[in-house]
Amino acid sequence: MKRRDVLKKGLVGLGGVAAATTISAPAIAKERMEINMVATWGRDFPGLGTGAQRFAKRLTDMSDGRMQVNYFASGERVKAFDSFDEVASGNAQIYHGAEYYWKGKNPGFAYFTAVPFGLTYTEMNAWIRFGGGQELWDKLSAEYGLKGLMCGNTGVQMGGWFRKEINSADDLKGLKMRMPGLGGDVLAKLGGSPVSLPGTQIYENLVSGAIDATEWVGPWNDQFMKFYEAAKYYYYPGMHEPGAMLAIGMNNSWWQGLSKADQLLVNAAASMENDVMMAEYNAKNGDSLKQLVDEQGVKLRAFSDDIYDSFGEAAEEVFDETRQHSALVNEIHESFAKTRTNVGSWAKISDQAYVSQRNRVLGL
């Protein structure tokens, strides 16, 4: 009996030693990774800039500092519109911006921010995640050595700031207006002159009279930019950006070199910002709009149905021309349009019908 007890205790002891050895074995730390990220926004710019900075910090924190993201705002490393080439060349690993800024390289990029009469925030998410949008985005981006992911959204944007009232489509003729993307092409069809400017240059051009009007985002951002000092007429809704998606673009070779776990970390950080940014805009736009009207004397106006009909006719012409660019752009448009029809039809009897009845009952 004693001999068996000794043997039993010995085996337990050996097992304890083995277990202790396993538990205390040092983990093999993965190599620390330096990531340079350039943005198209000014540092600390509300929503757009702070959202990009949140993503950079979140990715660093989620990896316990192993993925060290060095953030550079517009002008700190490269100019805003040079971000694409900086990442495509491999000089930086990530950019944060709006894909329609790259329309000059390929008009297909516009669909992955916003296009006239396009997708709302929820519709865009449905297209990218379940309607084939991500796959088409990957196909397009790969041609330029990039990989894109959703990383923010501003929701439905305002129609813009104008020095004069816009009572008909004729009032747009000869108007110099800051409006990038395919929305700018719609303006051109109606006789306006679209101008593409980074956000940091809009105010000075509006004040100086170099441009007559501008669109930007919505009340929260627009109040910060003080556009009301140069233009008092504020129109809604914006046909050009019904749910402007922001994105990170990554050097594709760098992305492909990441482990699956690290790819998931990047994707998770970007997806979280996609949700957080939209929530922030919804939370802050209402109060900002009230302040603009009550305190700054801004005159809120709705585009008439006739003007919107003109926008729609011009948009169809723009789409017809855009689709001629290449088979891939046509494929992107067809996929986008299918989601707009399918998800939009459902939204008509779900979200839209409910909000309309709720607001009617509550007098909102």
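Residues numbered from 1 in each chain as written. Predicted model: local features only at pLDDT ≥ 70, side-chain atom pairs only at ≥ 80, totals over all residues. Heavy atoms only, no water.

Participant: For the overall build of the protein chain, give the residues involved together with the corresponding values.
Facilitator: Helices and strands together make up the secondary structure of the protein chain, namely 13 helices and eleven strands. Across its three principal axes, the protein chain shows a C-alpha extent of roughly 105 × 50 × 40 Å. For the protein chain, the proportion of contacts with a sequence separation of at least 24, taken over those separated by at least 6, is 76%. Positive and negative charge centroids in the protein chain, built from 38 and 43 side chains respectively, lie 10 Å apart. (Helix = DSSP H or I, 4+ residues; strand = E, 2+ residues; numbered from the N terminus. Contact = heavy atoms within 4.5 Å. Lys, Arg positive; Asp, Glu negative; His and termini not counted. Charge placed at Lys NZ, Arg CZ, Asp CG, Glu CD.)

Participant: Which residues make up the packing of helix H6 (residues 181–189) against helix H11 (residues 305–323), and what values do they have?
Facilitator: Where H6 contacts H11, the axes come no closer than 9 Å and their chain directions differ by 115°. As for how H6 packs across H11, the hand of that crossing is right-handed. Of the residues in H11, those touching H6 at Leu 182, Asp 185, Val 186 and Lys 189 are Phe 311, Ala 314, Ala 315, Glu 317, Val 318, Phe 319, Glu 321 and Thr 322. Tallied by class, the residues present in the contact of H6 with H11 amount to seven nonpolar, one polar and four charged. (Axes fitted to C-alpha atoms, helices over the stretch in contact; angles between N-to-C directions. Left-handed = near helix turned anticlockwise from the far one by under 90°. Nonpolar A, V, L, I, M, F, W, Y, C, P; charged D, E, K, R; others polar.)

Participant: Can you lay out the packing of aromatic side chains for me, pointing to particular residues and giving the numbers?
Facilitator: One pair of aromatic rings is described through two measures. These are the centre distance and the angle between the planes. By the definition in use, this model includes 28 aromatic pairs. Counting every residue linked through ring pairs, the aromatic cluster contains Trp 41, Phe 81, Phe 84, Tyr 95, Tyr 100, Tyr 101, Trp 102, Phe 109 and Tyr 144. Lying across the ring of Phe 72, Arg 77 places its NZ or CZ 5.2 Å from the centre. (Phe/Tyr/Trp six-rings, centres within 6.5 Å; stacked < 30°, edge-to-face > 60°. Lys NZ or Arg CZ within 6 Å of the ring centre and 35° of its normal.)

Participant: Quick rundown of the sheet that holds strand E8 (residues 213–214)? Include the residues and the values.
Facilitator: Reading across from one edge, E7-E6-E8-E5-E9-E11 is the order of the six strands in this open sheet, with mixed pairing throughout. The sheet terminates laterally at strand E7 (193–195) and strand E11 (299–302), the two strands that pair on one side only. The pairing of strand E5 (residues 160–162) with strand E9 (residues 233–236) spans three bridges and is classified as antiparallel. The partner of Gly 160 across the bridge, within E9, is Tyr 235. (Pairing = 2+ DSSP bridges.)

Participant: Break down the sheet that holds strand E2 (residues 67–72) for me, citing the residues and quoting the values.
Facilitator: Strand order in the open sheet made by the five strands is E2-E1-E3-E10-E4, with mixed pairing throughout. The open sheet terminates on both sides in strands that have one partner only, identified here as E2 and strand E4 (146–153). Shown here is a sheet whose adjacent strand axes are inclined to one another by a mean of 25°, direction ignored. Alignment of E4 against strand E10 (residues 245–251), held across six bridges, turns out to be antiparallel. Opposite Asn 153, over in E10, you have Met 245 as the bridge partner. Docked against the sheet, helix H5 (residues 133–142) engages E4 and E10, running at close to 130° with respect to E4.

Participant: Break down the pattern of salt bridges for me, citing the residues and quoting the values.
Facilitator: All told, the structure shown has 20 salt bridges when counted by the stated rule. When the shortest N-O distance is used, the salt bridge between Glu 280 and Lys 284 registers 3.5 Å. Of this pair, Glu 280 and Lys 284 both sit in helix H10 (residues 260–296), four residues apart, which is roughly one turn of the helix. By relative accessible area, Glu 280 is classed as buried at 16%. One salt bridge in this structure joins Lys 290 and Asp 294, with 2.8 Å as the shortest N-O distance. Of this pair, Lys 290 and Asp 294 both sit in helix H10, separated by four residues, roughly a single helical turn. (Salt bridge = Lys/Arg side-chain N within 4 Å of Asp/Glu carboxyl O. Buried < 20%, exposed > 50% of the residue type's maximum accessible area, 1.4 Å probe, protein only.)

Participant: An account of the side chain of Thr 113 is requested, with residue identities and associated values reported.
Facilitator: Counting through the fold element by element, Thr 113 comes out in the loop between strand E3 (94–97) and helix H4 (121–130). Engagement of the side chain of Thr 113 in a polar contact is seen with the backbone nitrogen of Tyr 100, the distance being 2.9 Å. Filtering out sequence-adjacent residues up to four positions away, Thr 113 remains in contact with Ala 98, Glu 99, Tyr 100, Met 124, Gly 243, Ala 244 and Met 245. (Polar contact = N/O pair within 3.5 Å; in protein donor to acceptor, adjacent residues only side chain to side chain.)

Participant: Tell me what's going on with the environment of Ser 335, and back it up with residues and numbers.
Facilitator: Tracing the backbone shows Ser 335 in helix H12 (residues 327–349). With relative accessibility at 14%, the residue Ser 335 sits in the buried group. C-alpha separation for the pair Ser 335 and Lys 299, spaced 36 residues apart in sequence, amounts to 38 Å. With residues near it in sequence (within four places) discarded, Ser 335 still touches Trp 127, Gly 131, Gly 132 and Leu 136. At a separation of 3.3 Å, a polar atom in the side chain of Ser 335 contacts the main-chain carbonyl oxygen of Gly 131.

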